[in-house]
Amino acid sequence: MKDMLIGVDLAKNVFQLHGASMTGDVKYRKKLSRGQFFRFMSEQPSALVVMEAWARELVKLGHAVKLIAPQYVRPFVKRQKNDATDAEAIVIAARQPEMRFVEPKTADQQARAVLFRARERIVHQRTELVNALRAVLYEYGQVIPQGIGHIKRIEAIVENAEIGLPELVQEECRDLLAQIGEKTARIEKKAKKLAELSRQSETARRLQTMPGVGPLIALAVEAFAPAMQSFRCGRDFAAWLGLVPRQFSSGGKERLGRVSKAGQADIRRLLILGAMARVSWAGRKPPAQGSWLSRMLAKKPRMLVAIALANKMARKIWAMLTKQEDYRDPALAVAA
């Protein structure tokens, strides 16, 4: 269908192209501006374009696009690193038969990702403001634990005349509290929007039937994860998320380290938080005797159990989405 392979190295203002045949014969090397790049690609016959980002715009021009992760390109860079050798390395990497490519996101996925990341950005900004407020009060001997849950205590300290904070400090603290309140209102507004989107999506509704999975996790899977059919099994999806140990094996001897953290950080973090919530709840309401969670909590540290549970949750998410089924409680299945 297409006998040309075009590698594109993206920079801020320039695009480096490396055109080659499927057998590796170099056809051209070009350095184009953003406007020149789209004009040039619109005039080219349909080709297979490999790049590290941007897919939908070139698909509209009739090209087939594959996205490749930068870490898979790095081993094919020859000696000196520059835009031209990077573009050539992309072409060489794309010709490898066993190469893995990144699934391009749809416009809807990208929109959900933008909303999700917007909320995360405001949360980080609020955390920065809270830490700044704690630092100011610490200078006057008022030590407040970390966390937004202590904001009422901070407000009481600022307004307490017996503590004797200078007027300028009180004004600055009130200003920081006002900014924190504004950020909190924006976070709640975006959280409501995310919850509304989760109710509109059948996939998000299905995922929330699993204990420990809420609207944020469900929408994160929808926004950031590729189609589950691209993974051979649930373990591959868990490995893609970075929820498996790093291997340092050699000579037939297995050496396993900490979790790799090699995959999608947003989904991995939220799954671990959801697993920690289930582990914490198990401390108040013990799980069924003889269940996997009960056996793990009896012999392993809580954080290790949470990581293992997050791994199991990832594998179950893969099964639920590939089979188009809601969550089934193993205890109820055994009883039936």
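Note that the structure is predicted; figures quoted are calculated from it, not measured.

A word on unusual backbone geometry
Argument step 1. Of note, R79 is a non-glycine position whose phi angle comes to about 45°, a positive value.
Argument step 2. On the secondary structure map, R79 appears in the loop between helix 3 (70-73) and helix 4 (83-94).
Argument step 3. When its relative accessible area of 84% is taken as the criterion, R79 is described as exposed.
Argument step 4. Even without a glycine there, the phi angle at Q324 is positive, about 55°.
Argument step 5. When you line up the elements, Q324 lands in the loop between helix 13 (302-323) and helix 14 (330-335).

A closer look at the pairing of strand 1 (residues 4-10)
Argument step 1. The buried fraction of strand 1 amounts to six of the seven residues, a majority that puts the element mostly inside the structure.
Argument step 2. The sheet contact formed by strand 1 and strand 2 (residues 14-21) spans seven bridges and is antiparallel. Paired with D9 across the two strands is Q16, which belongs to strand 2.
Argument step 3. The turn joining strand 1 and strand 2, which pair antiparallel and follow one another in sequence, is formed by three residues.
Argument step 4. Direction of pairing for strand 1 relative to strand 4 (residues 48-51): parallel, over a ladder of three bridges. Along strand 4, the bridge assignment pairs L5 with L48.

Description of the packing of helix 10 (residues 234-241) against helix 13
Argument step 1. Axis separation between helix 10 and helix 13 bottoms out at 8 Å; the angle between their running directions is 125°. One way to sum up the angle between helix 10 and helix 13 is to call them oblique. Note on packing geometry: the crossing formed by helix 10 with helix 13 is right-handed. The segment helix 10 lies against helix 13, with G234, R235, F237, A238 and L241 engaging N311, A314, R315, I317 and W318.

So, the packing of aromatic side chains
Argument step 1. For the coordinates displayed, the defined rule picks out seven aromatic pairs.
Argument step 2. When the ring of F37 is compared with that of F38, the centres are 5.3 Å apart and the planes differ by 70°; the resulting orientation is edge-to-face.
Argument step 3. Judged by its relative accessible area of 0%, F37 is buried.
Argument step 4. Plain terms: the ring middles of F116 and F224 are 5.4 Å apart, the flat faces sit at 80° to each other, and that makes the pair edge-to-face. Linking F116 in helix 5 (residues 107-138) with F224 in helix 9 (residues 215-224), this pair joins segments that are 108 residues apart in sequence. Neither F116 nor F224 differs from the other in exposure class; each is buried.
Argument step 5. Taken together, the aromatic side chains of F15, F37 and F38 make up a single cluster linked through ring pairs.

Details of helix 6 (residues 151-159)
Argument step 1. For helix 6, the complete set of buried residues consists of I151, I154, I157 and V158. All buried residues of helix 6 fall inside an arc of 115° around its axis, so they share one side.
Argument step 2. Close packing links the buried residues of helix 6 with helix 5 and helix 7 (167-200).

Some words on the layout of surface pockets
Over the atoms rolls a probe the size of a water molecule, and its path tells where empty space is left.
Argument step 1. Of the pockets and cavities examined, the largest pocket occupies roughly 1400 Å³.
Argument step 2. Along the wall of the largest pocket there are 35 residues; nearest its centre are F101, V102, E103, P226 and W240.
Argument step 3. At the level of elements, helix 2 (56-60), helix 3, helix 5 and helix 10 are the ones that each hand at least two residues to the lining of the largest pocket.
Argument step 4. By residue number, the principal contributor to the lining of the largest pocket is helix 5, which donates four residues.
Argument step 5. In the lining of the largest pocket, the residues fall into 20 nonpolar, six polar and nine charged.

Re the environment of A319
Argument step 1. Along the chain, A319 falls in helix 13.
Argument step 2. Considered as a pair, A319 and A55 are 264 residues apart in the sequence and their alpha carbons are 28 Å apart.

Section: the nonpolar core
Argument step 1. Formed by 40 residues in total, the largest nonpolar core has its most connected members in L207, V221, M228, F237, I267, L271 and I317.
Argument step 2. For this core, the secondary-structure elements that each account for two or more residues are helix 5, helix 8 (202-207), helix 9, helix 10, helix 11 (265-284), helix 12 (292-299) and helix 13.
Argument step 3. Per-element accounting of this core gives the leading share, eleven residues, to helix 13.
Argument step 4. Other than its neighbours up to four places away in sequence, L271 contacts I217, L241, L243, A310, M313, A314 and I317.

Here is what the cut-offs are and how they apply
Residues numbered from 1 in each chain as written. Predicted model: local features only at pLDDT ≥ 70, side-chain atom pairs only at ≥ 80, totals over all residues. Heavy atoms only, no water. Helix = DSSP H or I, 4+ residues; strand = E, 2+ residues; numbered from the N terminus. Buried < 20%, exposed > 50% of the residue type's maximum accessible area, 1.4 Å probe, protein only. Pairing = 2+ DSSP bridges. Axes fitted to C-alpha atoms, helices over the stretch in contact; angles between N-to-C directions. Parallel < 35°, antiparallel > 145°, perpendicular 65-115°, else oblique. Left-handed = near helix turned anticlockwise from the far one by under 90°. Contact = heavy atoms within 4.5 Å. Phe/Tyr/Trp six-rings, centres within 6.5 Å; stacked < 30°, edge-to-face > 60°. Arc of directions from axis to C-beta. 1 Å grid on protein atoms, 1.4 Å probe; cavity = no way out; pocket = protein on both sides within 12 Å on 5 of 7 lines; lining within 4 Å. Points joined across faces, edges and corners; volume = space filled by probe spheres on them. Nonpolar A, V, L, I, M, F, W, Y, C, P; charged D, E, K, R; others polar. Core = buried A, V, L, I, M, F, W, Y, C linked by side-chain atoms within 4.5 Å.

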